[in-house]
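Chain by chain, the residues:
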Amino acid sequence: MVFVPATQLRHLGTIYWAQEKSDRKYTNTLKPFNWIALVINAMFILLHYGQTILFYDGIAQDLPNWASQGAVI
């Protein structure tokens, strides 16, 4: 998938920022890096839906149903 490396890099950058700049105390409120991680997830979920709507998955007809289950297991 096209967006996986970009998503991972952004999340790794957010994790790095959180570890370097955070006071590491637990609170009941979300910190800025939590909000950024949520926005990154929302952004790439929307991009994934857009990709799914615009582009047809051509290999779906060529693979048996059990192949997806084997990939998950």
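Residues numbered from 1 in each chain as written. Predicted model: local features only at pLDDT ≥ 70, side-chain atom pairs only at ≥ 80, totals over all residues. Heavy atoms only, no water.

Asks: Can you break down the overall build of the chain residue by residue, with the values?
Replies: Counting its secondary structure elements, the chain contains 3 helices and 0 strands. Going residue by residue from the N terminus, the α and β elements of the chain occur as α-α-α. Of all 73 residues assigned to the chain, the portion counted as buried reaches 12%. (Helix = DSSP H or I, 4+ residues; strand = E, 2+ residues; numbered from the N terminus. Buried < 20%, exposed > 50% of the residue type's maximum accessible area, 1.4 Å probe, protein only.)

Asks: Mind laying out the packing of aromatic side chains, listing which residues take part and the relevant values?
Replies: Counting across every chain of the model gives 1 aromatic pair. Ring centres of Trp17 and Phe33 lie 5.9 Å apart, and the angle between their planes is 85°; on these two criteria the pair is classed as edge-to-face. Linking Trp17 in helix 1 (residues 4-21) with Phe33 in helix 2 (residues 32-54), this pair joins segments that are 16 residues apart in sequence. (Phe/Tyr/Trp six-rings, centres within 6.5 Å; stacked < 30°, edge-to-face > 60°.)

Asks: Tell me about helix 2, and please be specific about residues and values.
Replies: Within an α-helix, residues lying three or four positions from one another point in the same direction, as the helix has 3.6 residues per turn. Here helix 2 spans 33 Å end to end across 23 residues, near enough to the 33 Å set by a 1.5 Å rise per residue. Inspection of helix 2 places Phe33, Ala37, Ile40 and Phe44 among the buried residues, and these make up the whole buried set. (Expected span 1.5 Å × (residues − 1).)

Asks: So what about a nonpolar patch on the surface? Which residues, and what values?
Replies: Side chains of Ile45, Leu46, Tyr49, Ile53, Leu54 and Phe55 sit close together on the surface and give an oily, nonpolar patch of about 760 Å² of accessible area. Locating Ile45 in the fold gives a position in helix 2. Taking relative accessible area as the criterion, Ile45 reaches 46% and is therefore assigned partly exposed. (Patch = residues over 30% accessible without salt bridge, like charges linked within 9 Å, V, L, I, M, F, W, Y side chains within 5 Å. Areas by Shrake-Rupley, 256 points an atom, 1.4 Å probe, with all protein chains shown as cover. Salt bridge = Lys/Arg side-chain N within 4 Å of Asp/Glu carboxyl O.)

Asks: Tell me about the environment of His11, and please be specific about residues and values.
Replies: Tracing the backbone through its elements, the reader meets His11 in helix 1. Note: C-alpha distance between His11 and Ala37 (26 residues apart in sequence) is 6.6 Å. Residues contacting His11, with those up to four places away along its chain left out, are Ala37, Ile40 and Asn41. (Contact = heavy atoms within 4.5 Å.)

Asks: Tell me about the confidence of the model for the chain, and please be specific about residues and values.
Replies: Mean pLDDT over the chain works out to 81, with 86% of the residues at or above the 70 mark. Within the chain, the element-level pLDDT minimum falls on helix 3 (residues 65-72), averaging 74, and the maximum on helix 2, averaging 89. (pLDDT = per-residue confidence, 0-100.)

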